[in-house]
Amino acid sequence: MARKAKVMDIPSIGLLDRTQGNLVRQLTQTLRNAVQRGDLQPGELLPSSRSLARSLGIARGTVIDAFEQLQAEGVLETKPASGTCVSSSLTHQTTTTPQQVVTDAGQTLAPTARAAAFAKLYDQFLPLPAVPFAVSVPQGLALPDESWRKLGNRIRARGPGSPSGYDDPRGAQVLREAIAEYVRRSRSVRCEPQQVIITSGIQQALYLCCQLLLENGDRVWVEDPAYRGITAILENAANAATMVRVPVDAEGIQVDVGIAQAANARAAFVTPSHQYPLGMPMSMARRNALLAWAKSEHAWIVEDDYDSELRYAGHPFPSLQGLDPSRVIYLGTFSKILFPSLRLGYAIVPPGLERAFCGARILMDRHPPSADQHVLAAFIQEGHLERHIRRIRSVYAERRAQLVTLLEHHIPASLGWLQPSDQGMHLVLWLARHIDDRQLAASALAAGVAVRPVSSTFTLGRSRPGLILGLGDFDAEATLAAVRTLATLIIAAPG
């Protein structure tokens, strides 16, 4: 393991002003300020008097005099065989707080309203701990097998994933080719590799869609309930589009309601294969109605296909994009079927939009990290991904059945019941109307159980209490204990 350097450079010292005279006093005050600001922390070693004098272009005696003065003040101390360091008796310094910045004139700079809104989003999107029932926690049999590690070792070291210069903003050609072939076979998506743009997950792809498809004053359909990631983008988007929440029922988004609310909407964001969070697929009648509306109004459809591979009865539903590739932007991710920290997803855009998408993503992060793109391409091309999906489908189906049995056994049916669903990586547990699901989720987290409230995915007027429970290869005893804890909290919830 590489050792951390013990002596750090001190950029905050800067250059001393020889025209002001008394270099000892200047250096003493500069070091004292660096400690007070927290640039130098208790216990940190300073450069030797010889090296510091050389870097500042002053006599070594000047540095020694400054060190001795600060040692007398208790700011510095000398450790045998180590050197001069900041006194360990001092407390650590913090320069600013996240909420405000204090200027030299003593004025407090408050953040803008947009900054405050983004700060709240940070709290909402903090990941849950890797305990039952956090969503997308790959562990045990849900992790990629040894083939992922072997491919990584081979490709990152001296293969195509080794360090290189800037790459194509669209992503690695080999991965785009692999994805185009994969979605053709598995999702009935119709595209060419040049239409595939690699993104840092679906969240970035959604953001890019909002940036490119919408202008000030445009209206856009979003399902109700919906993934918080898209509603948060539209609530805080700089282009000030108007979000129109369209309710869903057992067949998916209610197109007739959307037309009544905003027939001239510019786009619709939908999850047709597995509605988030409720889980139903969009019926063929609704798909046809949605496409007919988009064609008549010259509108875009953004299809978020986040975990459609994980269906436990029958075959996965085909994509909406395959019915009208010229009007549907298809978004996919590897966060669910592999692991979220991979941060690789993709957007498949109609011909003519590729350059615009790439231009927008250049301003965000230039291009996705290259090494894992090449590893993932090989993982797909050599057949490992499809074998992995078959394995985790079996794992999650078994865990899902076990969890359903436990929930139905421990939670009274009058207080909690499951939303019907036969696919995906989560379950929705509806709660009796008197239960506050946000407070319940907070209490569960404090007790070591990770769940999300369903009500936050709805508009205020239509919200219902419930919990989103993620599936994972959690230990059987831990799962049972978590269900018992959850049941206790639900039963004890104030009425």
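Per an unreviewed UniProt entry, the protein goes by Transcriptional regulator, GntR family and derives from Serratia odorifera DSM 4582. If you open the UniProt record of the protein and go to Sequence similarities (unreviewed entry), you find "In the C-terminal section; belongs to the class-I pyridoxal-phosphate-dependent aminotransferase family."

Account for the sheet that holds strand β5 (residues 196-199), naming residues and giving values.
Judged by pairing direction, the sheet is mixed, and its 8 strands sit side by side in the order β5-β12-β11-β10-β9-β6-β7-β8 without closing on themselves. Here the strands that pair on one side only, and so sit at the sheet edges, are β5 and β8 (252-253). Relative to β8, strand β7 (residues 242-249) is paired through 2 bridges, and the arrangement is antiparallel. Bridge pairing in β8 links V248 to I253.

How would you summarise unusual backbone geometry if you had to cite specific residues and measurements?
Excluding glycine, residues mostly carry a negative phi; peptide bonds, for their part, are mostly trans. Following D224, the chain continues to P225 via a peptide bond in cis, the omega torsion being 10°. Summarising the element assignment, P225 is placed in the loop between β6 (219-224) and α8 (228-236). For the peptide bond that leads from Y276 to P277, omega is 10°, which places it in the cis range. Counting through the fold element by element, P277 comes out in the loop between β9 (267-270) and α10 (284-297). One non-glycine residue, S136, lies in the positive phi region at around 60°. Mapped onto the elements, S136 comes out in the loop between α4 (113-124) and α5 (146-157).

Any chance you could break down the confidence of the model for the protein for me, citing the residues and the numbers?
When pLDDT is averaged along the protein, the result is 90; 93% of the residues meet or exceed 70. In the model, residues 94-99 has pLDDT below 50 throughout and makes 3 contacts with residues more than four positions away in sequence or in other chains.

Quick one: what's the story with helix α1 (residues 23-37), residue by residue and with numbers?
Because each turn of an α-helix spans 3.6 residues, side chains separated by three or four positions end up pointing in the same direction. The end-to-end C-alpha distance of α1, which contains 15 residues, comes to 21 Å, matching closely the 21 Å that a straight helix rising 1.5 Å per residue would cover. The complete set of buried residues in α1 reads L23, Q26, L27, T28, T30, L31, R32, A34 and V35. Of the residues one or two after α1, G38 is the one with positive phi, at around 95°.

Describe the packing of helix α6 (residues 173-187) against helix α12 (residues 371-381), and please don't skip the residues or the numbers.
Contact geometry for α6 and α12: axes closest at 8 Å, N-to-C directions at 35°. The two elements α6 and α12 cross, and the hand of that crossing is left-handed. Along the contact surface, α6 presents V174, L175, A178, I179 and Y182, while α12 presents Q373, H374, L376, A377, I380 and Q381. Its residues assigned to classes, the contact of α6 with α12 shows 8 nonpolar, 3 polar and no charged.

Break down the environment of S89 for me, with residues and values.
Residue placement: S89 occurs in the loop between β2 (83-86) and β3 (101-102). Using a relative accessible area of 62% as the deciding quantity, one classes S89 as exposed. S89 sits 28 residues away from A117 along the chain, and the two C-alpha atoms are 39 Å apart.

Criteria and cut-off values
Residues numbered from 1 in each chain as written. Predicted model: local features only at pLDDT ≥ 70, side-chain atom pairs only at ≥ 80, totals over all residues. Heavy atoms only, no water. UniProt positions renumbered as here; feature names shortened; annotations may be inferred. Pairing = 2+ DSSP bridges. Helix = DSSP H or I, 4+ residues; strand = E, 2+ residues; numbered from the N terminus. pLDDT = per-residue confidence, 0-100. Contact = heavy atoms within 4.5 Å. Expected span 1.5 Å × (residues − 1). Buried < 20%, exposed > 50% of the residue type's maximum accessible area, 1.4 Å probe, protein only. Axes fitted to C-alpha atoms, helices over the stretch in contact; angles between N-to-C directions. Left-handed = near helix turned anticlockwise from the far one by under 90°. Nonpolar A, V, L, I, M, F, W, Y, C, P; charged D, E, K, R; others polar.

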